[in-house]
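Structure at a glance
Spelled out, the chains give:
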Amino acid sequence: KNGRITDEFASYKVVVRYLKDLYGTTNAAEFGPKGLKAIREEMIAAGNCRNYINGQTSRLKHIFKWAAAEELVPPEVYQRLVVVPGLQKGKTPARETPPVVAVDDTVVEATLPYLKAVVGAMVRFQRFTGARPDEVCKMRPRDIDRTSDVWRYVPGEHKTEHSGRGRIIYIGPQAQDVLKPYLFGDDLPCFRSPRSPQGFNSRSYHDRIQSAVERANRDRAERGLDALPTWSPNQLRHAAATRVRAEFGLEAAQVILGHSKADVTQVYAERDMRLGVEVARQVG
C-alpha cells in the first residue's frame, strides 16, 4: 500500500519462488499434498523455523484457494491441499523460535536517544498502546476517532478480521501526546519522515531499532558500560501486555492486545470497549 512492498507481499513472493523452482513445469491442476510437503521439506532444509514454514504453507494454500475461486484450477486441487496439517511442535526437524519476551523499560530508554524523532515516537506509542508493529506503521489520522477523552484507532486490516470482531486500539492521554505532532496528511501514515514519505513497514521499523541499538552499544563500549541486548518492536507489545496484565488482569490484556477466538460472539463487544477505554485512560 502507498507504494510500499509490504512484508506479506514479500512473503508470498518467497513461497511462489519455491513453487516455481520445484514445480514450475507441472500443471497446476496436478499439484497436490505430496508437492506441498516437498516444498515444506525444502523450507526445513533451508533452516527456516516451524512457525515461518507453517505460515508459508498457509499462503501457498491460499494461492490455490484464490485460483479455484477464479476457476483457474478445479476446486478439488485446493481441497486436496487443505488436508495437509501444519507442522507440530516436537514432531518435526524444523527449528523452534525462542519465545518473544518483553523488553525492559531501561533498555528502551537507553535506546531512544539514538532513534530519529519519528521512530522514537513510534516506539513510545507502541509501548503505551500495545499495538502491533504493522498497526503502528499503517495508522492514518483518518483511522482515529478523537471524539472522546480516550481515542480509538480502528486499523483497516487486522488478524482477527476474519472472525467478525473489529480490532480497536485504545489511545490514552500519554499516547495522544506522542501522536499529536503527527496528525497531518489524513490519508497518509501518521509516522513518516522526509526519507520515508510513505511511512514505514514492519521490517524498516525493526531495522531502525536494530541500528539504534548498535550505535548505542558503540557509545557504551567507549564508556565501559555493558551492551544493551538487541530487541524488536514485538517485544514492546509484550511489555505492554505484561504491564496491563499485572495491573488489570488477563482479560484486560486480551482486550488491549486484540486477542480473541473466532467463536467469541459480538455480544462481548460493548464489554470489551468499556474495559479497553478504562485501561487506556489509566496507562495509555
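Scroll up to find the structure.
So, here is what we can say about the structure in this document. (Residues numbered from 1 in each chain as written. Predicted model: local features only at pLDDT ≥ 70, side-chain atom pairs only at ≥ 80, totals over all residues. Heavy atoms only, no water.)

Turning next to the packing of helix H6 (residues 117-129) against helix H10 (residues 233-248). Relative orientation and spacing of two packed helices are given, respectively, by the angle between their axes and the distance between those axes. Across the interface, H6 lies against H10 with an axial gap of 7 Å and an inter-helix angle of 35°. Seen along the crossing, H6 lies across H10 with a hand that is right-handed. Of H10, the residues touching H6 (which contributes Val123, Gln126, Arg127 and Phe128) are Pro233, Asn234, Leu236, Arg237, Ala240 and Arg243. The residue inventory of the contact of H6 with H10, partitioned by class, reads 5 nonpolar, 2 polar and 3 charged. (Axes fitted to C-alpha atoms, helices over the stretch in contact; angles between N-to-C directions. Helix = DSSP H or I, 4+ residues; strand = E, 2+ residues; numbered from the N terminus. Left-handed = near helix turned anticlockwise from the far one by under 90°. Contact = heavy atoms within 4.5 Å. Nonpolar A, V, L, I, M, F, W, Y, C, P; charged D, E, K, R; others polar.)

This structure, assessed with the given rule, holds 10 salt bridges. With a closest N to O distance of 2.9 Å, Glu8 and Arg59 form a salt bridge. Of this pair, Glu8 sits in helix H1 (residues 7-23) while Arg59 sits in helix H3 (residues 50-69); the two residues are 51 residues apart in sequence, bridging distant segments of the chain. The shortest N-O distance in the salt bridge between Arg167 and Glu135 comes to 3.0 Å. Residue Arg167 is located in the loop between strand E2 (151-153) and strand E3 (169-171), and its partner Glu135 is located in helix H7 (residues 133-138); the two are separated by 32 residues in the primary sequence. With a relative accessible area of 2%, Arg167 lands in the buried category. Look at the salt bridges and you will find they share partners, linking Asp105, Glu109 and Arg127 into a network. (Salt bridge = Lys/Arg side-chain N within 4 Å of Asp/Glu carboxyl O. Buried < 20%, exposed > 50% of the residue type's maximum accessible area, 1.4 Å probe, protein only.)

The terminal C-alpha atoms of helix H2 (residues 33-45) lie 18 Å apart, and with 13 residues this matches the ideal 18 Å at 1.5 Å per residue to within 8%. Listed in full, the buried residues belonging to H2 are Gly35, Leu36, Ile39, Arg40, Met43 and Ile44. Immediately downstream of H2, the backbone of Gly47 shows phi near 90°, a positive value. (Expected span 1.5 Å × (residues − 1).)

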